[in-house]
Amino acid sequence: MHSEGSREKVRVYFEIGPLTHTLPRSLMKDISVQDLLAIEVFKDVPESQLEWMIDRSQHYELQEGDMMIRPGEPLVGTHVIFSGRIELYRLQNNTKQIIAELLPGTVTGILPFSRGKMAIAYGVCLETAQLMTFPKELLRELVTSHYELTQALVIVMTSRVREFTELEQQNEKMMALGKLSAGLAHELNNPAAAIVRSSASLKEHLLMQPDSFKSLLSIHLSHQEIDLLNDKMVSLLNNTARPVLSMMKRSEKEDEILDWLDQNNIDGCEDIADNLVEFGVGEDDLEDLKGKINHDDLSPVLTWINNSLTTERMVADIQEASKRIAELVGSVKTFTHMDRGGEREFVDIHVGIRNTLIMLNYKLKKGNIKVVEDFDLTLPPVKAMVGELNQVWTNLIDNAVDALENQADPELTVITRRDKDFVKVTICDNGPGVPAEIRSKIFDPFFTTKSVGKGTGLGLDVVNRIVRQHRGTVTLHSQPGRTEFEVCFPFNG
């Protein structure tokens, strides 16, 4: 790309399609921690973490006309732009559609917890640009070792999803279905809030780690005991067949574990009991552990196990929220191409419902709402579009939660049943009910009973469209003290 001359050269390889760049050092600025701190995204990240990122990144320049990426090429890492301009665009019906212009300070590419693997747009350099790329192969190490940097990049991802949604709304086809856009933005808000909330909780949790680490270091374990604990932790973290318990059964098991922990003088019993039950640990397991290590070491060991399980649960929550965002964004294509249908797969319908309850857990707790899961766990898998069904559950449960505001003893009940060749899911609340005079309008686009600024009137319209796509029906039965939205569609929809 440049003539050799007499200047010293440094060769930097970066896979962005067919290009491989050979860059004169004199044309490139050495990136420092201060350069990253000057970018809004990284301003609160510790310098040591930024230095770690810089040292493991590739540094290079693109010249005017160079292609940074093409559709279908693999995403290779997280890009930070320090100078120049890069234009992102797509080709639709042989027409160039500009998506965005990436300016200095932009962070793009693959990000922590992102499910994207391939580029969906062209990226062309408009003027000489200097970039830094952190390789995707190190993202796992980033997430496990550098919390603040991970948090900063996760926030970039949620912002990028919102920006992408806004751009899609400007598309002519999306304008034809413009009534969906506000509902989609509303759906994205729940998992985005979950990511921010879980990130903050994880940060607080990690700040408490040094004290428990000191306690762990104060004990002396044999090699056999260390192997035992390590094997036990690996087994717990890799166990995908964790028990699914009703709230009552879970409470009973937590009480049993609490009694055992109290009897054995274990610190932080309540938090430990919750995690142990979540990961399927019972009294027999604790007794087995107690018999294999020194009793005085039991409390710090269980504290260490609990801290590891807590971290695992928080990261899992962030992953689930990120997955939900990806599914929602992916569903945009389905809604803009209604006549083409979508990919369907056989799934356990309870997984999506439970995930939705997890996502809305903060609203359920805020409203002090009791949740009753009346599930028929013998139901066979249903053939459905998973992301779209999750939107159905999110809309119906979110509406029920809003209806229970200021309600005495609020209760939400989710029922699943089989009706011949159909699955029937009923979302019930004990709120004031839907007035008879508006029940016929409840599924109309833009109709809402919520106050200005709270509702778009699109939620139930979206529900109705998705259920119809699954060759099903959604019906309303309401009276004061009990409102039911009943969704029914075939197993092999």
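Here is what the cut-offs are and how they apply
- Residues numbered from 1 in each chain as written.
- Predicted model: local features only at pLDDT ≥ 70, side-chain atom pairs only at ≥ 80, totals over all residues.
- Heavy atoms only, no water.
- Helix = DSSP H or I, 4+ residues; strand = E, 2+ residues; numbered from the N terminus.
- Buried < 20%, exposed > 50% of the residue type's maximum accessible area, 1.4 Å probe, protein only.
- Contact = heavy atoms within 4.5 Å.
- Areas by Shrake-Rupley, 256 points an atom, 1.4 Å probe, with all protein chains shown as cover.
- Salt bridge = Lys/Arg side-chain N within 4 Å of Asp/Glu carboxyl O.
- Axes fitted to C-alpha atoms, helices over the stretch in contact; angles between N-to-C directions.
- Parallel < 35°, antiparallel > 145°, perpendicular 65-115°, else oblique.
- Left-handed = near helix turned anticlockwise from the far one by under 90°.
- Pairing = 2+ DSSP bridges.
- Patch = residues over 30% accessible without salt bridge, like charges linked within 9 Å, V, L, I, M, F, W, Y side chains within 5 Å.
- Lys, Arg positive; Asp, Glu negative; His and termini not counted.
- Charge placed at Lys NZ, Arg CZ, Asp CG, Glu CD.
- Polar contact = N/O pair within 3.5 Å; in protein donor to acceptor, adjacent residues only side chain to side chain.
- pLDDT = per-residue confidence, 0-100.
- Phe/Tyr/Trp six-rings, centres within 6.5 Å; stacked < 30°, edge-to-face > 60°.
- Lys NZ or Arg CZ within 6 Å of the ring centre and 35° of its normal.

Considering the overall build of the protein
The helix and strand tally for the protein stands at 16 helices and 15 strands. Relative to its 493 residues, the protein shows a buried fraction of 46%. For the protein, contacts bridging at least 24 residues in sequence account for 77% of all contacts bridging at least 6. With the model as given, the accessible surface of the protein reaches about 25,400 Å², and the carbon-plus-sulfur share is 50%.

Regarding the pattern of salt bridges
Inspection of every chain in the model, using the stated rule, returns 10 salt bridges. Between Arg85 and Glu127 there is a salt bridge whose closest N-O contact spans 3.4 Å. With a gap of 42 residues between them, Arg85 in strand S5 (residues 77–92) and Glu127 in strand S8 (residues 122–135) connect regions that are remote in the sequence. Of the residues examined, Arg85 reaches a relative accessible area of 26% and is grouped as partly exposed. Note that Glu87 is salt-bridged to Lys96, the shortest N-O span being 2.7 Å. Exposure remark for Lys96: the relative accessible area of 46% places this residue in the partly exposed category.

Some points on the packing of helix H9 (residues 247–263) against helix H11 (residues 283–290)
Relative orientation of the contacting elements H9 and H11 amounts to 20°, with a least axis distance of 10 Å. If you check the angle between H9 and H11, you find them roughly parallel. Handedness of the crossing formed by H9 with H11: right-handed. Here Glu256, Ile257 and Trp260 of H9 come into contact with H11, specifically with Glu283, Leu286, Glu287 and Lys290.

Points about the sheet that holds strand S15 (residues 482–490)
Overall, mixed pairing links the five strands, which are arranged S10-S12-S13-S15-S14 in an open sheet. Each edge of the open sheet is held by one strand with a lone partner, namely strand S10 (370–374) and strand S14 (473–479). Between one strand axis and the next, the sheet turns by 15° as a mean value, whatever way the strands run. With five bridges connecting them, S10 and strand S12 (residues 411–419) associate as parallel partners. Looking at S12, one finds that Lys370 is bridged to Glu411.

Considerations on a negative patch on the surface
Judged by side-chain charge, Glu252, Asp255, Glu256, Asp259, Asp262, Glu283, Asp284 and Glu287 come together as a negatively charged surface patch. For the negative patch, the secondary-structure elements that each account for two or more residues are H9 and H11. Within the secondary structure layout, Glu256 lies in helix H9.

Focus on the pairing of S14
Here S14 shows a clear split, with Val474, Leu476 and Ser478 buried on one side and none of Thr473, Thr475, His477 and Gln479 buried on the other. Relative to S15, S14 is paired through seven bridges, and the arrangement is antiparallel. Residue Leu476 lies in a different strand from S15, and its bridge partner there is Phe485. Hairpin connection between S14 and S15: a loop of two residues separates the two successive antiparallel strands, and Gly481 in this loop has a positive phi of roughly 95°.

Some details on the side chain of Thr133
Mapping Thr133 onto the fold places it in strand S8. Within the local environment of Thr133, its side chain forms a polar contact with the side chain of His79, the two groups lying 2.8 Å apart.

Examining unusual backbone geometry
Residues other than glycine seldom take positive phi values, yet Phe113 does so here, at roughly 70°. Its place among the elements puts Phe113 in the loop between strand S7 (107–109) and S8. Of the residues examined, Phe113 reaches a relative accessible area of 17% and is grouped as buried. With a phi close to 60°, Lys420 is a non-glycine residue in the positive phi region. Here Lys420 is to be found in the loop between S12 and strand S13 (422–429).

A closer look at a positive patch on the surface
Together, Arg115, Lys117, Lys136 and Lys323 make up a region of like positive charge exposed at the surface. Mapped onto the elements of the fold, Lys136 is located in the loop between S8 and helix H3 (139–145). A relative accessible area of 34% means that Lys136 is categorised as partly exposed.

Observations concerning the confidence of the model for the protein
Across the protein, pLDDT averages 77, with 75% of residues at or above 70. Low pLDDT (under 50) marks residues 168–183, which in the prediction has 28 contacts with non-local residues, meaning those over four places away or in another chain.

Comments concerning the packing of aromatic side chains
If you walk through the whole model with that rule in mind, you get two aromatic pairs. Where Trp52 meets Phe134, the ring centres are 5.4 Å apart and the plane angle is 50°; that geometry is what we call tilted. Here Phe134 lies in strand S8 and Trp52 lies in helix H2 (residues 47–55), a separation of 82 residues in the sequence. Phe134 carries the same exposure label as Trp52, and that label is buried. An angle of 15° between the planes, with centres 5.1 Å apart, marks the rings of Tyr89 and Tyr122 as stacked. Of this pair, Tyr89 sits in strand S5 while Tyr122 sits in strand S8, placing them 33 residues apart in sequence. Here the guanidinium or amino end of Lys96 rests over the ring plane of Tyr89, the centre of that ring lying 4.5 Å away.

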